Amino acid sequence: QVQLVESGGGLVQAGGSLNLSCEISGTTLTNNDYSGWFRQAPGKQREWVASMNSRGFIDYRGSVVGRFTFLRDSALNTVYLQMNDLQPEDTAVYFCQYVKWGRTYWGQGTQVTVSS
């Protein structure tokens, strides 16, 4: 059974940094798999933040370009989201998504709160 477990969220002041991790178990993460990060702020829909596709191309939401970095370590079966210069509008629950063989998996989410 594939499971995703996020960690690394917390409370930071504006301008601070956090590093999120998403450990994937029950399967082997390969470079051909899609993985990504999404977030959901209170009262808003879940939105895409960053991802790596099956060709290794990394893409970012416009508002996080230059501040967030997506990383994937297949040896550790883990994907990461390094977040710098965090702003109050980045406050949300961050979710990891993984797609393999046409099936989509989600983690339970980790809370990121940025105070002004």
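Computed from a prediction, not measured in an experiment: that's the story for all the values here.

Topic: the overall build of the protein
For the protein, the helix and strand inventory stands at zero helices and 11 strands. When the elements of the protein are put in sequence order from the N terminus, they spell out β-β-β-β-β-β-β-β-β-β-β. Over its C-alpha trace the protein gives a radius of gyration of 13 Å, about what one expects of a compact globule, namely 13 Å for 116 residues. Across its three principal directions, the C-alpha atoms of the protein cover 40 × 25 × 25 Å. The contacts of the protein with a sequence gap of at least 6 include a subset with a gap of at least 24, amounting to 54%.

Topic: the state of the cysteines
Summed over all chains, the structure comprises one disulfide. Here cysteine 22 engages in a disulfide with cysteine 96; their sulfurs sit 2.2 Å apart. Across the S-S bond linking cysteine 22 and cysteine 96, the dihedral sits near -85°, which makes this disulfide left-handed. Of the two residues, cysteine 22 is situated in strand S3 (residues 18-25) and cysteine 96 in strand S9 (residues 92-100); the sequence distance between them amounts to 74 residues.

Considerations on the pattern of salt bridges
Evaluated as defined, the whole model comprises five salt bridges. Here arginine 39 and aspartate 90 are joined by a salt bridge, their closest N and O atoms 3.0 Å apart. One end of the pair, arginine 39, is in strand S4 (residues 34-40); the other, aspartate 90, is in the loop between strand S8 (78-83) and S9, and 51 residues separate them in sequence. For arginine 39, a relative accessible area of 6% translates into the label buried.

So, the packing of aromatic side chains
Scanning the model with the defined rule gives three aromatic pairs in all. With 6.5 Å between their ring centres and 85° between their planes, phenylalanine 95 and tryptophan 106 make a pair best called edge-to-face. Here phenylalanine 95 is found in strand S9, whereas its partner tryptophan 106 is found in strand S10 (residues 103-106), with 11 residues between them in sequence. Note on phenylalanine 95: relative accessible area 9%, which makes it buried. Grouped by ring-pair contacts, the aromatic residues Phe38, Phe95 and Trp106 constitute a single cluster. Sitting above the plane of the phenylalanine 95 ring, arginine 46 keeps its charged end 3.7 Å from the centroid.

With respect to the pairing of strand S11 (residues 110-115)
Side-chain positions along a regular strand alternate between the two faces of the sheet. Residues Thr110, Val112 and Val114 point to one face of S11 and are all buried, whereas Gln111, Thr113 and Ser115, pointing to the other face, are not buried. Pairing of strand S2 (residues 10-13) with S11, which is carried by four bridges, proceeds in the parallel orientation. From the neighbouring strand, glutamine 13 faces S11, where its bridge partner is serine 115. Alignment of S9 against S11, held across three bridges, turns out to be antiparallel. Across the sheet, the residue bridging to alanine 92 is valine 112, located in S11.

What about unusual backbone geometry?
Most peptide bonds adopt trans geometry, and most residues besides glycine take a negative phi value. Here the phi dihedral of asparagine 77 falls at roughly 55°; this positive angle occurs in a residue that is not glycine. Checked against the element boundaries, asparagine 77 lands in the loop between strand S7 (68-73) and S8. We classify asparagine 77 as buried; its relative accessible area is 12%. In this structure, tryptophan 101 takes a positive phi of about 55° despite not being glycine. As for its placement among the helices and strands, tryptophan 101 is situated in the loop between S9 and S10. Note on tryptophan 101: relative accessible area 80%, which makes it exposed.

Cut-offs and rules
- Residues numbered from 1 in each chain as written.
- Predicted model: local features only at pLDDT ≥ 70, side-chain atom pairs only at ≥ 80, totals over all residues.
- Heavy atoms only, no water.
- Helix = DSSP H or I, 4+ residues; strand = E, 2+ residues; numbered from the N terminus.
- Rg over C-alpha atoms; globule rule 2.2 N^0.38 Å.
- Contact = heavy atoms within 4.5 Å.
- Disulfide = S-S within 2.5 Å.
- Salt bridge = Lys/Arg side-chain N within 4 Å of Asp/Glu carboxyl O.
- Buried < 20%, exposed > 50% of the residue type's maximum accessible area, 1.4 Å probe, protein only.
- Phe/Tyr/Trp six-rings, centres within 6.5 Å; stacked < 30°, edge-to-face > 60°.
- Lys NZ or Arg CZ within 6 Å of the ring centre and 35° of its normal.
- Pairing = 2+ DSSP bridges.

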